[in-house]
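# Per-entry structural report
These are the residues of each chain, in order.
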Amino acid sequence: MKKKHTLLKAITSVSLLTGLFFSSIAYAADVSSTKDIPIGGSGQMEMVGMIEPTILSVTMPSFVPFSMGSSLATQNKVISPRITMKNNSNVPVEIDVVYTKVDLSNLNNVTWSNTGNVGNKEIAIGLKPEETKDVMPEDLSNAIWLLANQSQNLRIMNLGAIEESAVYVVGTLGTEVSDNATFNVTPTFVVKKAAVTTP
C-alpha cells in the first residue's frame, strides 16, 4: 500500500514538472520568437502597452438618521452616527456634494441658512470631517455647510487608494425653530479621480 502511494506521488510530481517545463518553453517561445540581429546591426522591436480603465468605487451609507435639538449644550445641535466613507479603488479619489435637496415643509415659517449663521427661524445643516475617531463633534469649526436646492461643488474629503475616513452631520437652529418636527436633507455625492498635483 505504501509503495503504491509513493509511486502515485512520484508520477504526479513528474507530470507536474513536465507540465511546467513545457508551459515555460511555450511562454519563452512567444516572447522571443522574432529575428536575430547580427553584431553591429540594428533592429526594431514593437512594444504594445495597454491602459486599463480604473474603476472608482467608494462605499458609503445610503441613509443617515440624525437628531437635532436646541436643548443640546454644545454649539453643534445635531447628533448623528459616524458616516464612514471607504475608497475601494487603487487610485486617490475626491468626494464632492453637487446638490442638496432640502424639504422644510413640515417646519412652519422656517428657512434655510447656507452659511451656518442662523436667525431665530433658520436652520443650517452641514458635514464635518472626523477629527477624533468615534467622537461626535461638539463645535462647528471646519463644517462644510450644505446649500439648499441649488448646484454646488463642496469638497467633502479626499481619500487615498484603499483608504477610509468619516464625517458627521452637524448643524444649528434658531431659537424659534420647533423641536417637534421632521425635515429631509438629501445631498448628492459625486466621486471622481483626484486631480494630480505637480510639485
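Residues numbered from 1 in each chain as written. Predicted model: local features only at pLDDT ≥ 70, side-chain atom pairs only at ≥ 80, totals over all residues. Heavy atoms only, no water.

## With respect to the overall build of the protein
- Along the backbone of the protein there are 1 helix and 11 strands.
- The helix and strand sequence of the protein, counted from the amino end, reads α-β-β-β-β-β-β-β-β-β-β-β.
- Put simply, the protein has 199 residues, and 29% of those count as buried.
- Working note: accessible area of the protein is about 13900 Å², and carbon and sulfur atoms make up 56% of it. (Helix = DSSP H or I, 4+ residues; strand = E, 2+ residues; numbered from the N terminus. Buried < 20%, exposed > 50% of the residue type's maximum accessible area, 1.4 Å probe, protein only. Areas by Shrake-Rupley, 256 points an atom, 1.4 Å probe, with all protein chains shown as cover.)

## Looking at the packing of aromatic side chains
- Under the criterion given, the structure shown has 1 aromatic pair.
- Centroid distance F66 to F183: 5.9 Å. Interplanar angle 70 degrees. Geometry classified as edge-to-face. With F66 in the loop between strand 1 (58-59) and strand 2 (67-68) and F183 in the loop between strand 10 (164-173) and strand 11 (184-193), this pair connects stretches of sequence that are 117 residues apart. (Phe/Tyr/Trp six-rings, centres within 6.5 Å; stacked < 30°, edge-to-face > 60°.)

## Examining the confidence of the model for the protein
- Mean pLDDT over the protein stands at 82; residues scoring 70 or higher make up 79%.
- The lowest-confidence element of the protein is helix 1 (residues 2-32), averaging 38 in pLDDT; the highest-confidence one is strand 8 (residues 144-145), averaging 97.
- Contacts of residues 1-30 to residues separated by more than four positions or lying in other chains number 0 contacts, the stretch itself having pLDDT below 50. (pLDDT = per-residue confidence, 0-100. Contact = heavy atoms within 4.5 Å.)

## What about unusual backbone geometry?
- Phi is positive for N109, which is not a glycine, with a value near 55 degrees.
- Note that N109 resides in the loop between strand 5 (93-103) and strand 6 (111-112).
- Exposure remark for N109: the relative accessible area of 60% places this residue in the exposed category.
- Unlike most non-glycine residues, N149 shows phi in positive territory, near 50 degrees.
- Position of N149 relative to the elements: it lies in the loop between strand 8 and strand 9 (151-159).

## Brief notes about the side chain of T100
- Turning to its location among the elements, T100 is positioned in strand 5.
- Given the relative accessible area of 0%, T100 is considered buried.
- Within polar-contact distance, the side chain of T100 engages the side chain of Q152 at 3.4 Å.
- Not counting residues up to four positions away in its chain, the partners in contact with T100 are L146, L147, A148, N149, Q150, Q152, V185, T186 and P187. (Polar contact = N/O pair within 3.5 Å; in protein donor to acceptor, adjacent residues only side chain to side chain.)

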